[in-house]
Protein chains: 2
Amino acid sequence: MKLLEQAITERGKVIGSDILLVDTFLNHQVDVSLMQEIGKCFAERFRAEKIDRVATIESSGIAPAAFTALCLEVPLVIMKKQASRILTGDLLATTVRSFTKGTQYDLTAKRDFLPSGDRVLFIDDFLASGEAAFGAKKLIESAGAVLAGVGIVIEKSFQSGPERLEKEGIPLYSLARIASMEDGKIVFR
Amino acid sequence: MKLLEQAITERGKVIGSDILLVDTFLNHQVDVSLMQEIGKCFAERFRAEKIDRVATIESSGIAPAAFTALCLEVPLVIMKKQASRILTGDLLATTVRSFTKGTQYDLTAKRDFLPSGDRVLFIDDFLASGEAAFGAKKLIESAGAVLAGVGIVIEKSFQSGPERLEKEGIPLYSLARIASMEDGKIVFR
């Protein structure tokens, strides 16, 4: 997606060799017009997959996922990084480790919001080692729903996530694919 | 907003006397088509206020705030509940206490994303005692920007937030105003 690659090049910032800071347009200050275009691209790619609902993880995935769900005319489900006191009912939970950040969190969702048999499109801002996507997959499948596809805004193609998803036969569509970020220079695949 | 009141009545659930669970359409499973209508309503009400950017707090405010920002054709700023390791630069921070939840968190935002002189519209899912709105106000004003208005999806009119904002002369627009929730029955103002 040209518009996105342009935003990454002009407004992104590489920190070290593996962190791409895109807080000027994606996850802190948000270019909502770009998010709308991103939503349209994901919807176009996955329309044939008969998606019943879109899922994402709070909070950076919400804006692109909301516009995707709007285009596909399906509900959005926001998976939570921590259980709320008022999150009651039958809860699904798994632990997600972030290798990039060196942290881990409990990913939770209400079973009711991932109905058995539903085809779910998972949308996220980044794909690196794929831990978040596989955490989402675990929740979706433990509810009896199906992970029908993964839509990623920025894929770090040099990390293991893309290959891991491919091995599992999960359709992956990344709008920007970064081959390397050596010496602060972003090279797209 | 009739459509919202209908959603609250049909899909909301009162827990105790002060908690309204709306995770079926607002903050866990999200009715994005309703969020788009909410965004249009906020944009229409605040268009004359010459808004330069919309701000919200992660993560339940993001969906309605994103659609509002899109309608107003301005950027969205997501204030963070905890500082990210990669959130670098000149950071603004304040502590927000949630009386409803009995918790507190550090609200942070990059100064760069609240430029001095900008007129900011703050959007949130709930208004209760107003602690979140006043936390946002503090960050906005400490950056030299102006809180030009507050747009709330669901106002608990029986709590202190609405009166506190009025006393400060801050334009408040709530799409649903709940007068009481006694015995599980929602009464709109």
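Shown above is the structure to which this text applies.
### Details of helix H3 (residues 62-72) of chain B
A turn of α-helix holds 3.6 residues, and therefore any two residues three or four places apart point the same way. Counting buried positions over the 11 residues of H3 of chain B gives 10, a clear majority of the element. Listed as buried for H3 of chain B are Ile62, Ala63, Pro64, Ala65, Ala66, Phe67, Thr68, Ala69, Leu70 and Leu72 of chain B.

### Topic: the packing of helix H3 (residues 62-72) of chain A against helix H2 (residues 32-46) of chain B
Axis separation between H3 of chain A and H2 of chain B bottoms out at 9 Å; the angle between their running directions is 110°. With respect to H2 of chain B, the element H3 of chain A is oriented roughly perpendicular. Facing Ala66, Ala69 and Leu70 of chain A of H3 of chain A, the residues of H2 of chain B in contact are Val32, Ser33, Met35 and Gln36 of chain B. Class assignment of the residues belonging to the contact of H3 of chain A with H2 of chain B gives a composition of 5 nonpolar, 2 polar and no charged.

### Concerning the sheet that holds strand E11 (residues 187-188) of chain A
Sheet architecture is open: 7 strands sit in the order E11(A)-E10(A)-E9(A)-E8(A)-E4(A)-E5(A)-E3(B), paired in mixed fashion. Of all the strands in the sheet, the pair left with one neighbour each is E11 of chain A together with strand E3 (29-30) of chain B. As paired strands, strand E8 (residues 119-127) of chain A and strand E9 (residues 146-156) of chain A are joined by 8 bridges and run parallel to one another. Residue pairing for E9 of chain A: Ile123 of chain A is matched across the bridge by Gly151 of chain A. Against the sheet, H3 of chain A makes contact with strand E4 (53-57), strand E5 (76-79), E8 and E9 of chain A together with E3 of chain B, and its axis sits at roughly 180° relative to E4 of chain A, the strand it touches most.

### Focus: the interface of chain B and chain A
Tallying the contact residues gives 28 residues for chain B and 28 residues for chain A. Every element with two or more residues in the side of chain B that touches chain A is listed here: strand E2 (19-21), E3, H2, H3 and strand E5 (76-79) of chain B. Per element, the largest residue contribution to the side of chain B that touches chain A is 5 residues, and it comes from H3 of chain B. Residues that form the side of chain B that touches chain A fall into these classes: 17 nonpolar, 5 polar and 6 charged. Judged from the 2 bridges that link them, E5 of chain A and E3 of chain B form a sheet pairing that is antiparallel. When the bridges of E3 of chain B are listed, Val77 of chain A appears paired with Gln29 of chain B.

### Describing the environment of Ala179 of chain A
Along the chain, Ala179 of chain A turns up in strand E10 (residues 172-180). If we skip the residues at most four places from it in the chain, Ala179 of chain A touches Ser157, Phe158, Val187, Phe188 and Arg189 of chain A.

### Quick word on H2 of chain B
The end-to-end C-alpha distance of H2 of chain B is 21 Å, a good match for the 21 Å that 15 residues give at a rise of 1.5 Å each. Turning to H2 of chain B, its buried residues number three or more, namely Val32, Leu34, Met35, Gln36, Ile38, Gly39, Cys41, Phe42, Ala43 and Phe46 of chain B.

### Considering the relation of the copies chain B and chain A
When chain B is brought onto chain A, the operation consists of a screw motion whose angular component is 180° and whose axial shift is 0.0 Å, with 0.0 Å RMSD remaining. Viewed as a symmetry operation, the transformation between the two copies matches a two-fold axis. Ranked by how close their C-alpha atoms come to the rotation axis, the residues of chain B are headed by Ser59 of chain B, at 2.7 Å. Comparing interface residues between copies, 100% of those in chain B also lie at the interface in chain A; the contact surface is shared.

### A word on the pairing of E5 of chain A
Residue and element names in this part refer to chain A. Of the two faces of E5, both are covered, the one formed by Leu76 and Ile78 as well as the one formed by Val77 and Met79. Across 4 bridges, E4 lies against E5 in parallel orientation. What sits directly across from Ile57, in E5, is Met79. Where the polypeptide runs from E4 across H3 and back to E5, its parallel neighbour, the crossover connection is right-handed.

### Examining the sheet that holds strand E11 (residues 187-188) of chain B
If you trace the 7 strands from one edge of the open sheet to the other, you get E3(A)-E5(B)-E4(B)-E8(B)-E9(B)-E10(B)-E11(B), paired in mixed fashion. The open sheet has two edge strands with one neighbour each: strand E3 (29-30) of chain A together with E11 of chain B. Sheet topology note: the strand E4 (residues 53-57) of chain B/strand E8 (residues 119-127) of chain B ladder contains 3 bridges and is parallel. Paired with Ala55 of chain B across the two strands is Phe122 of chain B, which belongs to E8 of chain B. Its contacts with the sheet place H3 of chain B against E3 of chain A together with E4, E5, E8 and strand E9 (146-156) of chain B, and it is angled at close to 180° to E4 of chain B.

Procedures and definitions
Per-chain numbering applies: the sequence of each chain, read as written, is numbered from 1 onward. All chains are assigned letters beginning with A, and all ligands numbers beginning with 1, in the order in which they are written. Confidence filtering applies because this is a predicted model: local features only for residues at pLDDT of at least 70, side-chain atom pairs given and counted only at 80 or more, and all residues used for totals across whole chains, interfaces and linings. Burial is judged by counting the other C-beta atoms within 10 Å of a residue's own C-beta: 20 or more makes it buried, 12 or fewer makes it exposed, and any count in between marks it as partly exposed, with every C-beta position built from the backbone. Secondary structure elements follow DSSP: runs of H or I no shorter than four residues count as helices, runs of E no shorter than two count as strands, and numbering proceeds from the N terminus. Inter-axis angles, ranging from 0 to 180 degrees, are taken between N-to-C directions of lines fitted to C-alpha atoms, where helices are fitted over the stretch in contact. Convention used here: angles under 35 degrees read as roughly parallel, angles over 145 as roughly antiparallel, angles from 65 to 115 as roughly perpendicular, and any remaining angle as oblique. Each residue is represented by a C-beta atom placed from its backbone, and any two residues with such atoms within 7 Å are regarded as in contact. In this count, Pro and Cys sit with the nonpolar residues alongside Ala, Val, Leu, Ile, Met, Phe, Trp and Tyr, while Asp, Glu, Lys and Arg are called charged and the others, Gly among them, polar. For two strands to be treated as a pair, DSSP must find no fewer than two bridges joining them. Each residue after the first adds 1.5 Å to the expected span of a helix. When the copies are overlaid, the least-squares fit takes in C-alpha atoms only where the residue has pLDDT of at least 70 in both copies. If you view a crossover with the strands going away from you and the path from the first strand over the helix to the second runs clockwise, you call it right-handed.

Nothing here speaks to function; it is all geometry.
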